[in-house]
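# Descriptive analysis of the structure
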Amino acid sequence: MRVVLGEDLTLLRDGLIRLLTAYDMDVVAAVDNGPELARALVEHRPDVAVVDVRLPPTFTDEGLKAAIQARAEVPGLPVLVLSQHVEPLYARELLSSAGGGLGYLLKDRVSDVRRFIEAARTVAGGGTAMDPDVVSALMARHARDEPLSCLTPREREVLALMAEGHANAGIAARLVVTEKAVSKHINNIFTKLNLYPDDDGNRRVLAVLAYLNA
Amino acid sequence: MRIATPYRPRPAGAADGLAGRLECCRWLLTDPATWRDLLWSLINVPAGVVLGLMPMAQAEVASSLLAPTRGEMAARVGQLTVSRTRAVDASAAELRRIERDLHDGPQARLVALGLNIGFAEQVLRDNPDLALSLLAEARASSGQALAELRTLVRGIHPPVLAERGLDGAVRALALSLPLPVDLRIDLAGRASAPVESAAYFAIAEALANVVKHSGATRAWVQLDHAAGRLVAIVGDNGTGGAAPRSGGGLRGVERRLAAFDGVVAVTSPAGGPTLVTMELPCELSSART
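Each chain has its residues counted from 1, following the order in which its sequence is written. Labels are handed out in written order, letters beginning with A for the chains and numbers beginning with 1 for the ligands. Reporting in this predicted model follows two pLDDT cut-offs: at least 70 for local features of residues, and 80 or more for side-chain atom pairs to be given and counted; totals over whole chains, interfaces and linings ignore these cut-offs and use all residues. Only hydrogens and water are removed before side-chain values are computed, so all heavy atoms of the structure are retained for them.

## A few points about helix α4 (residues 128-156) of chain B
Residues lying three or four places apart along an α-helix face the same way, a consequence of the helix completing one turn every 3.6 residues. So the rule is basically this: Under the scheme used here, helices are H or I runs from DSSP no shorter than 4 residues and strands are E runs no shorter than 2 residues, and both carry numbers assigned from the N terminus. The span expected for a helix works out to 1.5 Å for each residue beyond the first. Only protein chains enter the accessibility calculation, which uses a 1.4 Å probe; a residue whose area is less than 20% of its type maximum is buried, one above 50% is exposed, and one in between is partly exposed. Residue contacts follow a heavy-atom distance rule, with two residues in contact if any of their heavy atoms lie within 4.5 Å.
Its 29 residues give α4 of chain B an end-to-end C-alpha distance of 42 Å, which sits within 8% of 42 Å, the value for a rise of 1.5 Å per residue. By the burial criterion, the buried members of α4 of chain B are Ala 131, Leu 134, Ala 138, Ser 141, Ala 145, Arg 150 and Leu 152 of chain B. Of the surrounding secondary structure, the elements contacted by the buried residues of α4 of chain B are β5 (102-106) and α6 (132-141) of chain A together with α3 (70-123) of chain B.

Written as structure tokens, this is what we have:
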């Protein structure tokens, strides 16, 4: 799996290269600023781009902009965005950029190595990895809304895990219930929220995120 | 050419003594030139005095018409002293709070983190299970330290404000609230960082009050810049009756804006709606592209 890395802090860039390499990923380019990142993404067309939001030269949202721009030039380019803080606003902008695997995680999540690598692979495979903090912010925003307040606490948990991008098996494992129970919850959720169930895992995730992001 | 003396000739061969003096008086009193001289003296002296005082009077009139009055100057100095003292007090209190939060939060977590890693190092060979659980604890500590730092940073200067300016930060703020917020933002550029920060926290406080107290189902924010003033209006369709209480959030906003000569006005009749209007004099720099 070929990776392009955009991270300006040397300590973190070296750590990520070491980590990704240890899990059989090939870091084909590691850059530390926005313009170079934009070039590297289009030139290398990696299986997944791991990108820090804040990069030189402006130290604002250079990385995010480069990622969104590259997804416009290379449709379906999988991007995993990392940041010291997560904003539902940025998640919305990323989700509205043309399809393909997408991840948006807090930088802290890299300390859970197994899950971080799993997220990188999910995104490379066209899936979604949304940070629990983004999802809980989106859920909190809708907490007072009619259809969402009708969900049971367990259904809300399942909805949140779905929005983070987990498949049924992953949700079952985290909640320590059977996959059959998870499907039953998911059917109830879709009925209550008036969403059409979708067999395609990632389309389902995107539908849930679109619902929460509305 | 000769210019004749304006006076009549002195009587020639005037006798000495009383008769002579009388003759002299008669000559003086009957000469029209004497009366003309007297008239000149009468007019010239006051006119000279008036003309001499004129520049001083003119300065006095000009300063009274053009310069601020003494009273106004004193009031302005008083106002600046008060707002400066409050701003200094508030920022000192803020720094103390940050110091305390860092001390009790992330610093303590990092100490625990180091302790756990050091302990794990010691027992790694003899007791790998204990080492594993210590490392897991250390990782949890680092996560908590980061979460605390994030909260702290948001309170000091929200990253989205640094990245997107007031426009983007208010949009992000609106997305984080549990009620729909209609936005009308029209800013052609960015204000200076301190002004952006003051305006952001003022709007955040007003919106937090909407969520906490108003019982509103909708809120809206209007933000624009005209005639050298940044104007933010936060409104809601709640129950009204809001008033700045001492020690309350709106008083804090008032203090914060006063440091920039900004003002807050709240209209909130019982039954609503509530409107919080904030104005900050400032210039915008052209938008970064």
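## A closer look at the interface of chain B and chain A
Test applied: For any pair of parts, buried area is found by adding up, for both, the accessible area (1.4 Å probe) each one loses once the two are put together. Should a side-chain nitrogen of Lys or Arg be within 4 Å of a carboxyl oxygen of Asp or Glu, the pair is scored as a salt bridge. Pairs of N or O atoms within 3.5 Å make up the polar contacts considered here, provided that, within protein, one atom can donate a hydrogen while the other can accept it, and that residues adjacent in sequence are counted only when both atoms are side-chain atoms.
Between chain B and chain A, the contact holds 22 residues from the first and 23 residues from the second. The contact between chain B and chain A buries some 2000 Å² in all, and 48% of this surface belongs to carbon and sulfur atoms. When the buried area of chain B at its contact with chain A is split by residue, Glu 163, Arg 164 and Leu 175 of chain B rank highest and sum to 36% of it. Taken together, the connections running from chain B to chain A amount to six salt bridges. For Asp 112 of chain A, the salt bridge is made with Arg 139 of chain B, and the minimal N-O distance between the two is 3.9 Å. Where chain B meets chain A, there are nine residue pairs in polar contact (both at pLDDT 80 or more).

## Describing the environment of Ser 268 of chain B
All names here are of chain B. The topology assignment puts Ser 268 in the loop between β5 (263-267) and β6 (274-281). On the accessibility criterion, Ser 268 (14% relative accessible area) is buried. Taking the C-alpha atoms as reference points, Ser 268 and Leu 179, separated by 89 residues in sequence, lie 19 Å from one another. If sequence neighbours within four positions are ignored, Ser 268 has contacts with Gly 240, Gly 241, Ala 242, Pro 273 and Thr 274. Within polar-contact distance, the side chain of Ser 268 engages the backbone nitrogen of Ala 242 at 2.7 Å. A polar side-chain atom of Ser 268 sits 2.8 Å from a polar atom in the side chain of Thr 274.

## With respect to the nonpolar core
As a reminder of what qualifies: Residues belong to one nonpolar core when they are buried, are Ala, Val, Leu, Ile, Met, Phe, Trp, Tyr or Cys, and are joined through side-chain atoms within 4.5 Å.
Counting 94 residues, the largest nonpolar core has Tyr 104 and Leu 159 of chain A together with Ile 203 and Met 278 of chain B as the members making the most contacts within it. At 11 residues, helix α6 (residues 193-214) of chain B tops the list of elements feeding residues into this core. Discounting chain neighbours no more than four positions away, the residues touching Ile 203 of chain B are Val 170, Leu 173, Val 221, Leu 223, Ala 232, Val 234 and Met 278 of chain B. Core analysis: the next-biggest nonpolar cluster, separate from the first, contains 19 residues, Met 25, Ala 119, Ala 120 and Ala 129 of chain A among them.

## Comments concerning the packing of aromatic side chains
Residue and element names in this part refer to chain B. Inclusion rule: Note on aromatic contacts: the rings of Phe and Tyr and the six-membered ring of Trp form a pair at centre separations within 6.5 Å, being stacked when their planes are under 30 degrees apart, edge-to-face when over 60 apart, and tilted otherwise.
Tallied over the full model, the rule gives one aromatic pair over all chains. Taking 5.4 Å as the distance between ring centres and 85° as the angle between the ring planes, the aromatic pair formed by Tyr 200 and Phe 201 counts as edge-to-face. Phe 201 matches Tyr 200 in its accessibility class, with the two residues each being buried.

## Observations regarding the layout of surface pockets
Summary: where empty space remains is shown by rolling a probe the size of a single water molecule over the atoms. All names here are of chain B. Here is the rule we go by: Cavities and pockets are defined on a 1 Å grid built over the protein atoms alone: a cavity is a set of grid points where a 1.4 Å probe fits but cannot escape, while a pocket is an open set with protein on both sides within 12 Å along at least five of seven lines, and lining residues are those with an atom within 4 Å of any such point. Grid points are joined across faces, edges and corners, and a volume is the space filled by probe spheres set on the points. Lys, Arg, Asp and Glu make up the charged group, whereas Ala, Val, Leu, Ile, Met, Phe, Trp, Tyr, Cys and Pro make up the nonpolar group; the residues left over, Gly among them, are polar.
Estimates place the volume of the largest pocket at around 800 Å³. In terms of lining, the largest pocket is formed by 26 residues, of which the most central are Ala 90, Glu 94, Phe 201, Gly 252 and Arg 256. Looking at the lining of the largest pocket, the elements that each hand over two or more residues are α3, α4, α6 and α7 (249-258). Of the residues forming the lining of the largest pocket, the biggest block, nine residues, is contributed by α3. Classifying every residue of the lining of the largest pocket gives 15 nonpolar, five polar and six charged.

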